[in-house]
Amino acid sequence: MVKQIKLTNSEKFSCEYIVNDRLISKSLDSKEHIFSVKELPCKVKINMNPYKVKPIVRIDDIMVNYGLAKITPWDHMLEFELDSNFFDRYFANIVESKIQYLNLEKDEAHKRLGHEDLSELVSKIERNIQ
């Protein structure tokens, strides 16, 4: 469950944290901004000044890739959606990205990534133990 968003940048910037089109908070010039997530699902917009800042985004202290987390970076704002399944979707996007990058079939990619169904093997081991 997502509880926190943290933005960091090498230069100071200010933010407006907007959730579901409601201004939640404003923060002054700083290199780091931390926002609490109080409701899920939600649509998050973070307005930034100066424009064209591309901060590192951490969700629950996990640094995320903009593309894989489906964060839209505008010149003046970051825009994305959060829900209770955010990290499940983020992991699925990582796996899908690796499959495309390695140009593999899904089953082969899952084996290489160690993400395969072992239920048949587990059943066989359980039968042998009994």
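Residues numbered from 1 in each chain as written. Predicted model: local features only at pLDDT ≥ 70, side-chain atom pairs only at ≥ 80, totals over all residues. Heavy atoms only, no water.

Please clarify how the overall build of the chain should be interpreted in this entry.
In terms of helices and strands, the chain carries three helices and seven strands. Helices and strands in the chain line up, N terminus first, as β-β-β-β-β-β-β-α-α-α. In terms of overall size, the chain is more extended than a compact globule, its C-alpha atoms giving a radius of gyration of 20 Å where 130 residues would be expected to give roughly 14 Å. C-alpha extents for the chain along the principal axes are approximately 65 × 30 × 25 Å. Here the chain, with 130 residues, has 31% of them falling under the buried criterion. The contacts of the chain with a sequence gap of at least 6 include a subset with a gap of at least 24, amounting to 58%. Seen as two clouds, the 20 positive and the 21 negative side-chain charges of the chain have centres 4 Å apart. (Helix = DSSP H or I, 4+ residues; strand = E, 2+ residues; numbered from the N terminus. Rg over C-alpha atoms; globule rule 2.2 N^0.38 Å. Buried < 20%, exposed > 50% of the residue type's maximum accessible area, 1.4 Å probe, protein only. Contact = heavy atoms within 4.5 Å. Lys, Arg positive; Asp, Glu negative; His and termini not counted. Charge placed at Lys NZ, Arg CZ, Asp CG, Glu CD.)

Help me out: how do you make sense of the pattern of salt bridges in this one?
Counted under the stated rule, the structure contains six salt bridges. Between K6 and D61 there is a salt bridge whose closest N-O contact spans 3.3 Å. You can see K6 sitting in strand β1 (residues 4–19) and its partner D61 sitting in the loop between β4 (56–59) and β5 (62–63), a full 55 residues away along the chain. For K6, a relative accessible area of 16% corresponds to the buried category. K45 is the partner of D21 in a salt bridge, and the nearest nitrogen-oxygen pair spans 3.6 Å. Here the residue D21 occupies a position in the loop between β1 and β2 (22–36), and K45 occupies one in strand β3 (residues 42–49), the gap between them amounting to 24 residues. Judged by its relative accessible area of 65%, D21 falls in the exposed class. (Salt bridge = Lys/Arg side-chain N within 4 Å of Asp/Glu carboxyl O.)

I keep staring at a nonpolar patch on the surface and nothing clicks. Help me out?
Together, L118, L121, V122, I125 and I129 give the surface a local cluster of nonpolar side chains, amounting to about 480 Å² of exposed area. Checked against the element boundaries, L118 lands in the loop between α2 (106–112) and α3 (119–129). L118 gets classed as partly exposed once you look at its relative accessible area, which sits at 44%. (Patch = residues over 30% accessible without salt bridge, like charges linked within 9 Å, V, L, I, M, F, W, Y side chains within 5 Å. Areas by Shrake-Rupley, 256 points an atom, 1.4 Å probe, with all protein chains shown as cover.)

Can you help me understand empty space enclosed by the protein in this one?
Regions of empty space are outlined by a rolling probe, equal in size to a water molecule, passed over the atoms. Under the defined criterion, the tally for this structure stands at one cavity of 30 Å³ or more. Quantified by volume, the largest cavity comes out at close to 30 Å³. Taken together, L68, A69, K70, F86, R89, Y90 and N93 form the lining of the largest cavity. Residues that form the lining of the largest cavity fall into these classes: four nonpolar, one polar and two charged. (1 Å grid on protein atoms, 1.4 Å probe; cavity = no way out; pocket = protein on both sides within 12 Å on 5 of 7 lines; lining within 4 Å. Points joined across faces, edges and corners; volume = space filled by probe spheres on them. Nonpolar A, V, L, I, M, F, W, Y, C, P; charged D, E, K, R; others polar.)

Such coordinate-based values are descriptive only and should not be taken to indicate function.
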